[in-house]
Structure formats: structure tokens, C-alpha cells
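Chain residues, written in single-letter form:
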Amino acid sequence: MNTTPSRTTTPSTTTPPAGATDPAEGSADAVTEEATAKDSPAKDPAPEDTTGTPADAADTATAPDDLAGQSDDDDVDGDDDALEPDPFDEARHGVGAGAAAVVSAALGVVALTGAWTGRVAAERETLIGQIQTAGGGSAAQQISEIYGDAWHTTALVNGVFAVLALLVGVFVLVRPAFGAPSERPQPTWIRAVALAGVALGVLGVLISAGMYFDLFVSLPTAGTPAGG
């Protein structure tokens, strides 16, 4: 008979060697990492929201610049509208020069065709000549006093009109070269009419000079009496 008391054997807990991991702990770590991986996508949008805030701030910062640019464009458009020529100013531009050009041409026509002032002056000279030769006088004297003086007076009056037409036309043509410079050039029709006035004035001066000095037609002469 065995008198040795029986021993109760207990499972010995052996310490795993270094570098070895407990299967339970490994599974727990795997579960923790998996849970962390599942939670991380849900937490990612938060940084995106935080990163989106500077973009919104940048958009907000650029908005006043856009408004400022629009206001500048509006100002530029307003300046363009202000710089557009006024139709009334365009209509008034060159009115004085145009009127002077028309006057020059009209004076040139009068110088060539004659005016009522020339006829009145000629009739006056004729009357004066008749009065002076009423008491007697030679035929040559009567021709000179009655006809020649009236002829010369008509030529002189027409010459005055021709000189006025020439001066006014030249003034219209040379006016842009003097005084304050104009932003707009002189209209073409004004220069054309002024040139016509100058041409008529020159022609009138030449004809009047020929009439006054008897270059075209000489005064008639009295013939010698047959008995003399």
C-alpha cells in the first residue's frame, strides 16, 4: 500500500518565449486595428471640412476684388459715355465758318453780276455829268462825264464786292491755323464753299480792274466834224 500522499497537479503556466505573442492578445490587437480602420474613414471628412474653410475664405476675399473690377468697368463705360460727342455740339460745330464761306461765295457772285448799289452809284454819276455839261462842253467831255464816270463807278463797286469775297474766303480757309486748336477738323464742305468764294473773288477783282482801267472796252470817242 502506497503511503505517499497524492499530489494534485495544476496546469503550469509557462511564460512564452521572447518574441512570441499570445494568440489571444494578437486577436485583440487585430480587432482594435480593424475597428480603428473602420472609424478612420468616418473621421476623414472633418479635416476636409477644415481644409475647405480657407477655400471659402479665399472666395470671400476675391469677391470684393471682383466687385471692384466690375465697378471699375462700370466707371470706364461711364467715361466712354461721357466722351461720346454730343449731337448738338456736332451740329453747332463749324456753323460760323460755314456761314462765312457761304457769304464769301455770295459776294463773289454779286461781284460778277453786279448789285443794285452799283447801279445807283452809276446813275448818280450820270446825273452829275449831265449837270456839269448842261452849260456846254465838248463831245469828249460829255462822254467822259456822263458815260465814263458811271462805267468806272460800277466797276469800282463790283471790285469792292470781289475784294470782300476774297478776304472772307481766305479767312475761312486759314482760320484753323490760328487761335486755339480744334479737336475736330474743319468740314470738307466748308472748305469747298470757301474756295469757291475765293475763286469768284479773284475773278471779280480781275474783271473790275479791267473795267475801271478800260482794258477790255475803251470809252467811245467823238468823231471829227465833217466840215472841220
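Residues numbered from 1 in each chain as written. Predicted model: local features only at pLDDT ≥ 70, side-chain atom pairs only at ≥ 80, totals over all residues. Heavy atoms only, no water.

### A few points about unusual backbone geometry
Of note, Asp 214 is a non-glycine position whose phi angle comes to about 55 degrees, a positive value. Owing to a relative accessible area of 25%, Asp 214 belongs among the partly exposed residues under this scheme. (Buried < 20%, exposed > 50% of the residue type's maximum accessible area, 1.4 Å probe, protein only.)

### Examining helix α6 (residues 139-174)
Between its first and last C-alpha atoms α6 spans 51 Å; for 36 residues at 1.5 Å apiece the expected length is 52 Å, and the two agree. Bending of α6 peaks at approximately 35 degrees at the position of Gly 148. (Helix = DSSP H or I, 4+ residues; strand = E, 2+ residues; numbered from the N terminus. Expected span 1.5 Å × (residues − 1). Bend = angle between axes of the 7 residues up to and from the residue.)

### Describing a nonpolar patch on the surface
Taken together, the side chains of Leu 112, Leu 156, Val 160, Leu 164, Leu 203, Ile 207, Tyr 212, Phe 213, Leu 215, Phe 216 and Val 217 define a hydrophobic patch exposed on the protein surface, amounting to about 1100 Å² of accessible area. Listing elements by their share of the nonpolar patch, those giving two or more residues are α6 and α7 (188-212). Assignment of secondary structure puts Phe 216 in the segment after α7. (Patch = residues over 30% accessible without salt bridge, like charges linked within 9 Å, V, L, I, M, F, W, Y side chains within 5 Å. Areas by Shrake-Rupley, 256 points an atom, 1.4 Å probe, with all protein chains shown as cover. Salt bridge = Lys/Arg side-chain N within 4 Å of Asp/Glu carboxyl O.)

### Some points on the side chain of Ser 208
Structurally, Ser 208 can be placed in helix α7. A relative accessible area of 5% means that Ser 208 is categorised as buried. A distance of 2.8 Å separates the side chain of Ser 208 from the backbone oxygen of Gly 204, its partner in a polar contact. (Polar contact = N/O pair within 3.5 Å; in protein donor to acceptor, adjacent residues only side chain to side chain.)

### With respect to the confidence of the model for the protein
As a general rule, the predicted coordinates of low-pLDDT regions are not to be interpreted in detail. Taken residue by residue, the protein gives an average pLDDT of 74. The fraction at 70 or more is 56%. Scored below 50 in pLDDT, residues 1-6 makes 0 contacts in the model with residues more than four places away or belonging to other chains. (pLDDT = per-residue confidence, 0-100. Contact = heavy atoms within 4.5 Å.)

### Notes on the nonpolar core
One finds Ala 100, Ala 101, Val 172, Leu 173, Ile 190, Ala 194 and Val 198 forming the largest nonpolar core, which totals 7 residues. Within the residue set of this core, elements represented by two or more residues are α4 (95-113), α6 and α7. Per element, the largest residue contribution to this core is 3 residues, and it comes from α7. Not counting the four nearest positions on each side in its chain, Leu 173 is found in contact with Arg 191, Ala 194, Leu 195 and Val 198. (Core = buried A, V, L, I, M, F, W, Y, C linked by side-chain atoms within 4.5 Å.)

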